[in-house]
Amino acid sequence: MGKDVMVALDFPSGEEALRFLDLFQKEERKPYVKVGMELFYSEGPEIVRKIKKRGHSIFLDLKLHDIPNTVKGGMRSLRDLGVDMTNLHASGGIEMMREGMEGLSGEGQGERPLLIAVTQLTSTDQRTLEEELLIREEMKKVVLHYGENAKKAGLDGVVCSPWEAKEIHEKLGKDFLTITPGVRFKGGSVGDQKRVMSPEEAKEAGSDYIVMGRPITKAENPVEAYREAVRQFCDYSEKKLGNRIGGKDE
Ligand code: C5P
């Protein structure tokens, strides 16, 4: 399970997202994509159906957080939509996470989507944690504790920095998935991400899925940038990669 590159489709409209995906039309295997709230709230569930129809796997990053029963219902709807992975906030508590999992696990078509927990947002720093949220503990301890709760609730993994992937696997097991944004090509622009790793380094650190947005979506040649990320992160030999992506250079 895992070891794939996810492309974050951070586009304001479905039209722009689909135009970007057109670039990958000739690729034998379509990139796994992450659809976030910007695109989902502007376009609705239809955008997910359209992207699925083109053969992409989808991580629907909506970060649910509500009372357990509501999260369960929300997850049931996402399951019916046919996404491959989705997420919720671990801060909603163990019961909320369990109910969310139950919503995803009900009768439906195909396999259950993977359910991933957000521990603490990377925009939350130690000061916010202590002064605004009144959580007087070290960020690292909070992140690991929320990860443990997610595991207790039966979730499949957490979103975290590639810098935390190793410790999470050590504490919560190698099968507990780590989905890691904050990935940049060496020498590329870091943008607003603070602690970055290259795809190669993230693989070394044990990340299961890397999420890359701008280094691919804003690249001069997005298909080539995606291929480079796959070459560095996934266990495909050049030959296999050639087969996988049609063996042609764009
Ligand atoms: O463009 P970039 O590669 O920075 O995009 C990273 C993606 O991962 C964005 O969609 C961002 O919202 C998401 N993300 C993140 N850090 C987190 C959680 C999600 O960068 N902690």
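Preceding block: the structure.
What you see is a predicted model, and the numbers here were worked out from it, not measured in a lab.

Asker: Can you lay out the environment of Lys174 for me, pointing to particular residues and giving the numbers?
Answerer: Along the chain, the position of Lys174 falls in the loop between α8 (162-172) and β7 (177-180). Along the primary structure Lys174 and Lys140 are separated by 34 residues, whereas in three dimensions their C-alpha atoms are 19 Å apart.

Asker: Explain the site of the ligand to me, using residue names and the numbers behind them.
Answerer: Surrounding the ligand, one finds Ala8, Asp10, Lys34, Thr122, Pro181, Arg184, Gln193, Val211, Met212, Gly213, Arg214 and Pro215. Here a nitrogen atom of the ligand sits 3.0 Å away from a polar atom, N or O, in the side chain of Thr122. A distance of 2.7 Å separates an oxygen atom of the ligand from a polar atom in the side chain of Arg214. Protein chains shield 80% of the accessible area of the ligand, which is 470 Å² for the free molecule. Counting residues per element, the ones that place at least two in the shell around the ligand are β8 (209-212) and α10 (214-217).

Asker: Residue-level account of the pairing of β7, with values.
Answerer: Taking every second residue as pointing to the same face, both faces of β7 are buried, with Leu177 and Ile179 on one and Thr178 and Thr180 on the other. Two strands pair when backbone bridges link them, and strand β6 (residues 157-159) and β7 are joined in this way by three bridges, in the parallel orientation. If you follow Val158 over to β7, its bridge partner there is Thr178. Read from β6 through α8 to β7, the crossover connection turns out right-handed. In terms of strand pairing, β7 meets β8 through two bridges, oriented parallel.

Asker: Go over the sheet that holds strand β3 (residues 58-64), please, and point to the residues and values.
Answerer: The eight strands are arranged β1-β2-β3-β4-β5-β6-β7-β8 in a closed barrel whose pairing can be described as parallel. Within the sheet, the average angular offset between the axes of one strand and its neighbour, ignoring direction, is 25°. By the bridge criterion, five bridges tie strand β4 (residues 85-89) to strand β5 (residues 114-118) in an arrangement that is parallel. For Leu88, the partnering residue across the bridge sits in β5 and is Ala117.

Asker: So what's going on with the packing of aromatic side chains? Which residues, and what values?
Answerer: Under the definition given, this model contains five aromatic pairs. A ring pair is formed by Tyr32 and Tyr209, whose centres lie 5.7 Å apart and whose planes are at 70°; its orientation type is edge-to-face. Of this pair, Tyr32 sits in strand β2 (residues 32-36) while Tyr209 sits in strand β8, and the two are 177 residues apart along the sequence. A single burial state applies to Tyr32 and to Tyr209, both of which are buried. The rings of Phe11, Phe20, Phe24 and Tyr226 are connected pair by pair, giving a single aromatic cluster.

Asker: Please provide a residue-by-residue account of the side chain of Ser207, values included.
Answerer: Summarising the element assignment, Ser207 is placed in the loop between α9 (199-205) and β8. Among the residues examined, Ser207 registers a relative accessible area of 0% and is labelled buried. A distance of 3.0 Å separates a polar atom in the side chain of Ser207 from a polar atom in the side chain of Thr180. Ignoring any residue separated from it by four or fewer positions in sequence, one finds Ser207 in contact with Lys3, Pro162, Ala165, Thr178, Thr180, Ala202 and Phe233.

What counts and how
- Residues numbered from 1 in each chain as written.
- Predicted model: local features only at pLDDT ≥ 70, side-chain atom pairs only at ≥ 80, totals over all residues.
- Heavy atoms only, no water.
- Helix = DSSP H or I, 4+ residues; strand = E, 2+ residues; numbered from the N terminus.
- Near = heavy atom within 4 Å.
- Polar contact = N/O pair within 3.5 Å; in protein donor to acceptor, adjacent residues only side chain to side chain.
- Areas by Shrake-Rupley, 256 points an atom, 1.4 Å probe, with all protein chains shown as cover.
- Buried < 20%, exposed > 50% of the residue type's maximum accessible area, 1.4 Å probe, protein only.
- Pairing = 2+ DSSP bridges.
- Right-handed = clockwise from strand over helix to strand, strands pointing away.
- Axes fitted to C-alpha atoms, helices over the stretch in contact; angles between N-to-C directions.
- Phe/Tyr/Trp six-rings, centres within 6.5 Å; stacked < 30°, edge-to-face > 60°.
- Contact = heavy atoms within 4.5 Å.

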